[in-house]
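Descriptive analysis of the structure
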Amino acid sequence: MEGVIHIPAGERGVIRLFTLDMRPEQAAFLMEPGALAQVLGIEALDMDQVEIFPVTDLEDIGLTGYLTEGCGVPRAQVEKARGILDALDGHVLLIRSRAFDGVETRLTPAEQITLVDTYGERQTNWSAPPATAESAKPYSAPKLSPRQARTQARRIGAALFAVVMLLTALLVWALMG
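Quick look at the structure, then.

**Overview of the overall build of the protein**
Of the regular secondary structure elements, the protein holds six helices and six strands. Start at the N end of the protein and walk to the C end: the helices and strands fall as β-β-α-α-β-α-α-α-β-β-β-α. Its C-alpha radius of gyration of 28 Å places the protein more than 25% over the 16 Å reference for a compact globule of 177 residues. Dimensions of the protein, computed from C-alpha atoms along their principal axes, come out at roughly 75 × 55 × 35 Å.

The following block contains the structure:
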C-alpha cells in the first residue's frame, strides 16, 4: 500500500515530521480529541506526544533549531535536510514514538498530511565497563552480629527520640513565651 507508514512495536526515540496542507482552522481542529487519529487512519493517539504549529511561530530559531535544541535530534541528521526544512511554511505536525504507546501501528494519512522526514532523538549511552571493585559485589558489606545490629538500632532510635523531644520542647517554649 502506497502512503502507509509502518510504526514497529516498541519503537522509541523517533520523531516524524509532517507538513499540513490545510487552512489554519483545519490544522487547529486536529488538536481536538480523536480528530488527528481519524485523519491518520488509526484508533487512538497520545496527544501529549503530538505538536501542531505554524513554522512562523519558531521565528529566529527556525525548524532546524527547534528539532536540534527543542527535540534533541542530533545536528548531523537535521543538517542533511536543512534546505527542505528551511523551505517549509504553513503548519507542521511532529509525532513522537511515544504517541503510539509501543503498539505496532500503520498510519494512512489523509492527502493533506505529507511525511517530510523521520528523525531519531539523541540516545543515552547506558554502557559502562563492569564494576570490578570488591565493594561492588553483592552482599560484600561486613555483616553485623545480631547484638551489634540491635545496639546500633537502639542508638539510632534514641537519637531520633531525643531530636523529637527537643523539637517538642522548643515548640512548647515558643508557644508559652
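**Considering the side chain of Arg96**
Tracing the sequence through the fold places Arg96 in strand β4 (residues 91-96). Among the residues examined, Arg96 registers a relative accessible area of 11% and is labelled buried.

**Quick look at the pattern of salt bridges**
Summed over the entire model, instances satisfying the criterion amount to seven salt bridges. For the salt bridge of Arg16 with Glu11, the shortest nitrogen-to-oxygen distance reads 2.8 Å. Here Arg16 and Glu11 have matching classes, each one buried. Lys137 serves as the salt-bridge partner of Glu134, at 3.4 Å between the closest nitrogen and oxygen. Residue classification places Glu134 among the exposed residues on the basis of a relative accessible area of 55%. The class for Lys137 is partly exposed, based on a relative accessible area of 45%. The network of salt bridges with common partners includes Glu79, Arg82 and Asp86.

**Things to note about the environment of Gly70**
Here Gly70 is to be found in helix α3 (residues 62-70). Through-space distance from the C-alpha of Gly70 to that of Val50 is 14 Å; in sequence the pair is 20 residues apart.

**As for the layout of surface pockets**
In this structure, the largest pocket occupies an estimated 160 Å³ of space. When its residues are assigned to classes, the lining of the largest pocket shows one nonpolar, three polar and four charged.

**Structural notes on the environment of Leu40**
When you line up the elements, Leu40 lands in helix α2 (residues 35-40). A relative accessible area of 0% places Leu40 in the buried class. For Leu40 and Ala87, which are 47 residues apart along the polypeptide, the C-alpha to C-alpha distance reads 24 Å. In this view, Leu40 contacts Leu45, Ile95, Leu107, Thr108, Pro109 and Ile113; residues no more than four positions away in its chain are not counted.

**Quick word on the pairing of strand β2 (residues 14-20)**
Burial analysis of β2 places seven of its seven residues in the buried class, which makes it a mostly covered element. Sheet topology places β2 next to strand β6 (residues 113-120); seven bridges connect them, and they run antiparallel. Note that in β6 the partner of Ile15 across the bridge is Tyr119. Relative to β4, β2 is paired through six bridges, and the arrangement is antiparallel.

Thresholds, definitions, all that
- Residues numbered from 1 in each chain as written.
- Predicted model: local features only at pLDDT ≥ 70, side-chain atom pairs only at ≥ 80, totals over all residues.
- Heavy atoms only, no water.
- Helix = DSSP H or I, 4+ residues; strand = E, 2+ residues; numbered from the N terminus.
- Rg over C-alpha atoms; globule rule 2.2 N^0.38 Å.
- Buried < 20%, exposed > 50% of the residue type's maximum accessible area, 1.4 Å probe, protein only.
- Salt bridge = Lys/Arg side-chain N within 4 Å of Asp/Glu carboxyl O.
- 1 Å grid on protein atoms, 1.4 Å probe; cavity = no way out; pocket = protein on both sides within 12 Å on 5 of 7 lines; lining within 4 Å.
- Points joined across faces, edges and corners; volume = space filled by probe spheres on them.
- Nonpolar A, V, L, I, M, F, W, Y, C, P; charged D, E, K, R; others polar.
- Contact = heavy atoms within 4.5 Å.
- Pairing = 2+ DSSP bridges.

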